[in-house]
Amino acid sequence: MFLTSCLMFFIVASQNVPEPRYAQASALVKTKFYFFGGILKTGIITNEVWYLDLGSLSNATIQKWSRSNASMSVAYHSGTSCVSTIDNSTILLIGGVMYTPNTPNLNFNEKIYVFNSKKPQWNLPKIIGNTSNFVMRNKMQAVINRFGQIFISGGQNFTSNNSSSIMYNDMNLLLATDHSNMLWTIPPVTGTPPTSFTQYTATLLTNNGRIVYIGGIQETQANSVNLMTKFKVFNTLSYSWSDQSTYGDVIEPRAGHSAVVQNGIIIIYGGYATNINNTLYSKVTPDVAKLDTTTWIWSIPTISKTNAPPLLALHSAALYGNYMIVAFGLNVSGSTGLTPDTNLLNNNIYILNIQNNTWVTTIPATTTKKPTATSTKSVITNQSSESSNHKILPIAIGIGVGGAIIVGVLSFAGYWYYKRRRRVLNSIQTPGSNMN
């Protein structure tokens, strides 16, 4: 029993855990929740690739984090990602702010990186089409449908160590027939497009092919307050924009939030304030809200604060069965001002049971339902003189103590065996010892 306890302590204590971060890209592949890059507490931009085995969330003590050996070739933040429908395992990273690793130098070489999660390895596709207006586009979100079409609207370009003031409202359409070639077009659309905007969520309704754009920041800050009561919907079948009004509970305007969808119900979480007083990175309410897309009615579920996260923004979220998994992000519960407080970063995992509206610490091991569509958000303003970081964070004290305990147990076992052996040898009489 003592040895079992010591071994368990060693297993728990020696887990590698990624540093707190925000503005990372992320994607869910089966049971692996992947995270790419992000901004660390020091302001450093990392090129790390981590993943969390969601199967390990059946245990509140042990979470199986792994760092991929296939780090990104660029330090990366504020991009968007989606999982290819060709094989449901390849992840496409699109846009984002990129730096040459270990330098403050911006890297404009590529617009798309392809990550093969099975090998794992990175590839660069050949892009066919004009992408001149997509220079380090960031603060946007990609949506992929079952036909493999990727839709990206809005966002903001980044061309120097200071963000440009250029926001966009165009619709970019990408089509990958394989992972080596990608067709990039700006399709003709009908209807009135949104005002140029960033830091929104884009959620695909699979039953009708419509993308719902919620929240965000528009060029005119005063317009942003209306983005929770009236927002844009894009029809991916007819390539048309339309307006949609909402009703029900009052949901404060926000950006940097996340959204997932199940059975036509969009669940949003977190974010920071976007109001006419420009008090960005401050708290919004409620932290969780649900939108019924059949009635377009907002509702605020009653959720206990037990096991609840602090209000997070610029985090990642994914839907896994009936659970919304929330990871990383900036704690804005006590933050105010126009710049993020990097002392308030998070690397914890939070789990919301969306069926009974409770924050839980584990997922039952019997949860085997295929992961559903994910929606992640990773947007942030620029940091200057940023570089990559390659640190893995083993908990050295835990390893040392755990290792010492194991060594002690083994030493004790060896000593006990030695003493027992000596007693046995001493009890054996030598030849002629009983002769008179």
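Definitions and limits used
Residues numbered from 1 in each chain as written. Predicted model: local features only at pLDDT ≥ 70, side-chain atom pairs only at ≥ 80, totals over all residues. Heavy atoms only, no water. Buried < 20%, exposed > 50% of the residue type's maximum accessible area, 1.4 Å probe, protein only. Helix = DSSP H or I, 4+ residues; strand = E, 2+ residues; numbered from the N terminus. Pairing = 2+ DSSP bridges. Salt bridge = Lys/Arg side-chain N within 4 Å of Asp/Glu carboxyl O. Phe/Tyr/Trp six-rings, centres within 6.5 Å; stacked < 30°, edge-to-face > 60°. Lys NZ or Arg CZ within 6 Å of the ring centre and 35° of its normal. 1 Å grid on protein atoms, 1.4 Å probe; cavity = no way out; pocket = protein on both sides within 12 Å on 5 of 7 lines; lining within 4 Å. Points joined across faces, edges and corners; volume = space filled by probe spheres on them. Patch = residues over 30% accessible without salt bridge, like charges linked within 9 Å, V, L, I, M, F, W, Y side chains within 5 Å. Areas by Shrake-Rupley, 256 points an atom, 1.4 Å probe, with all protein chains shown as cover. pLDDT = per-residue confidence, 0-100. Contact = heavy atoms within 4.5 Å. Axes fitted to C-alpha atoms, helices over the stretch in contact; angles between N-to-C directions.

### Points about the pairing of strand S5 (residues 49–53)
Logical step 1: The buried fraction of S5 amounts to five of the five residues, a majority that puts the element mostly inside the structure.
Logical step 2: Burial along S5 is two-sided: Val49, Tyr51 and Asp53 and Trp50 and Leu52, pointing in opposite directions, are all buried.
Logical step 3: Inspection of the sheet shows strand S3 (residues 32–36) paired to S5 by five bridges, in the antiparallel sense. Counted as the bridge partner of Tyr34 is Tyr51 from S5.
Logical step 4: Note that S5 and strand S6 (residues 65–67) share three bridges and pair antiparallel. Bridging from a neighbouring strand, Tyr51 pairs with Ser66 of S6.

### Section: the pairing of strand S15 (residues 149–153)
Logical step 1: The buried fraction of S15 amounts to five of the five residues, a majority that puts the element mostly inside the structure.
Logical step 2: Here S15 shows no split at all, with Gln149, Phe151 and Ser153 on one side and Ile150 and Ile152 on the other all buried.
Logical step 3: When strand S14 (residues 142–144) meets S15, the two strands line up antiparallel, connected through three bridges. Residue Ile144 lies in a different strand from S15, and its bridge partner there is Ile150.
Logical step 4: What sits between S14 and S15 in their antiparallel hairpin is a turn of four residues, with Gly148 showing a positive phi close to 85 degrees.
Logical step 5: Note that S15 and strand S16 (residues 171–175) share five bridges and pair antiparallel.

### Focus: the sheet that holds strand S24 (residues 247–248)
Logical step 1: Strands sit in the order S24-S30-S29-S27-S26 across an open sheet of five strands; the sheet is mixed. In this open sheet, the two strands that pair with only one neighbour each are S24 and strand S26 (258–262).
Logical step 2: Both S24 and strand S30 (residues 297–299) contribute to a ladder of two bridges, which runs parallel. Bridge pairing links Gly248 to Trp298 in S30.

### Let's talk about the pattern of salt bridges
Logical step 1: According to the stated counting rule, one finds five salt bridges in the structure shown.
Logical step 2: Across the pair Arg21 and Glu48 runs a salt bridge whose closest N-O atoms are separated by 2.7 Å. Note that Arg21 is positioned in strand S1 (residues 21–22) and Glu48 in the loop between strand S4 (39–40) and S5, a separation of 27 residues in sequence. You'll find Arg21 and Glu48 in the same group, each marked buried.
Logical step 3: Across the pair Asp170 and Arg137 runs a salt bridge, and its minimum N-O distance is 3.1 Å. Of the two residues, Asp170 sits in the loop between S15 and S16 while Arg137 sits in the loop between strand S13 (126–128) and S14, which places them 33 residues apart along the sequence.

### What to know about the packing of aromatic side chains
Logical step 1: Enumeration over the complete set of coordinates arrives at 23 aromatic pairs.
Logical step 2: Geometrically, the ring pair formed by Trp50 and Trp65 is edge-to-face, given 6.4 Å between the ring centres and 85 degrees between the ring planes. Placement of the pair is Trp50 in strand S5 and Trp65 in strand S6, with a sequence separation of 15 residues. The exposure classification of Trp50 matches that of Trp65, with both residues buried.
Logical step 3: Note on Tyr113 and Trp122: the rings are 6.4 Å apart at their centroids and 85 degrees apart in plane angle, and the pair reads as edge-to-face.
Logical step 4: Here a set of aromatic residues connected by ring pairs shows up, and it is made of Phe151, Phe197, Tyr200, Tyr213, Phe234, Tyr239 and Trp241.
Logical step 5: If you follow Arg21 out to its NZ or CZ, it ends over the ring of Phe328, 5.5 Å from the centre.
Logical step 6: Cation over ring: Arg137 sits above Tyr168, and NZ or CZ is 3.9 Å from the ring centre.

### Considering empty space enclosed by the protein
Logical step 1: Taken as a whole, this structure holds two cavities of 30 Å³ or more when the rule is applied.
Logical step 2: Considering the residues around the second largest cavity, the lining is formed by Ser84, Thr85, Ile86, Leu92, Ile144, Gly148, Ile150 and Ala176.

### Thoughts on a nonpolar patch on the surface
Logical step 1: Taken together, the side chains of Ile128, Leu175 and Leu183 define a hydrophobic patch exposed on the protein surface, amounting to about 230 Å² of accessible area.
Logical step 2: For Leu183, the location among the structural elements is in strand S17 (residues 181–185).

### With respect to unusual backbone geometry
Logical step 1: In this structure, the amide linkage connecting Lys119 to the following residue, Pro120, adopts the cis form with an omega of -15 degrees.
Logical step 2: For Pro120, the position within the fold is in the loop between strand S11 (112–116) and strand S12 (121–123).
Logical step 3: Residue Thr285 is joined to Pro286 through a cis peptide bond whose omega torsion reads -10 degrees.
Logical step 4: Position of Pro286 among the secondary structure elements: in the loop between strand S28 (272–273) and strand S29 (288–292).
Logical step 5: The residue Asn263 is not glycine, and still its phi comes out positive at about 55 degrees.
Logical step 6: Structurally, Asn263 can be placed in the loop between S26 and strand S27 (265–269).
Logical step 7: Looking at Asn263, the relative accessible area reads 74%, which means it is exposed.

### Quick look at the confidence of the model for the chain
Logical step 1: Per-residue pLDDT for the chain averages 81, and the proportion of residues at 70 or more is 75%.
Logical step 2: Low pLDDT, under 50, characterises residues 1–14; the predicted model gives this stretch 21 contacts beyond four residues in sequence or across chains.
Logical step 3: Of the regions scoring below 50 in pLDDT, residues 370–376 engages in 23 contacts with residues more than four places distant in sequence or in other chains.

### Let's talk about the sheet that holds S3
Logical step 1: The sheet built from four strands is open, its strands ordered S2-S3-S5-S6 with antiparallel pairing. Since the sheet does not close on itself, it has two edges, and those belong to strand S2 (25–29) and S6, each with one partner. For this sheet, the mean angle separating the axes of adjacent strands, direction not counted, is 20 degrees.
Logical step 2: Relative to S3, S2 runs antiparallel, the two being bridged by five bridges. Opposite Val29, over in S3, you have Lys32 as the bridge partner.

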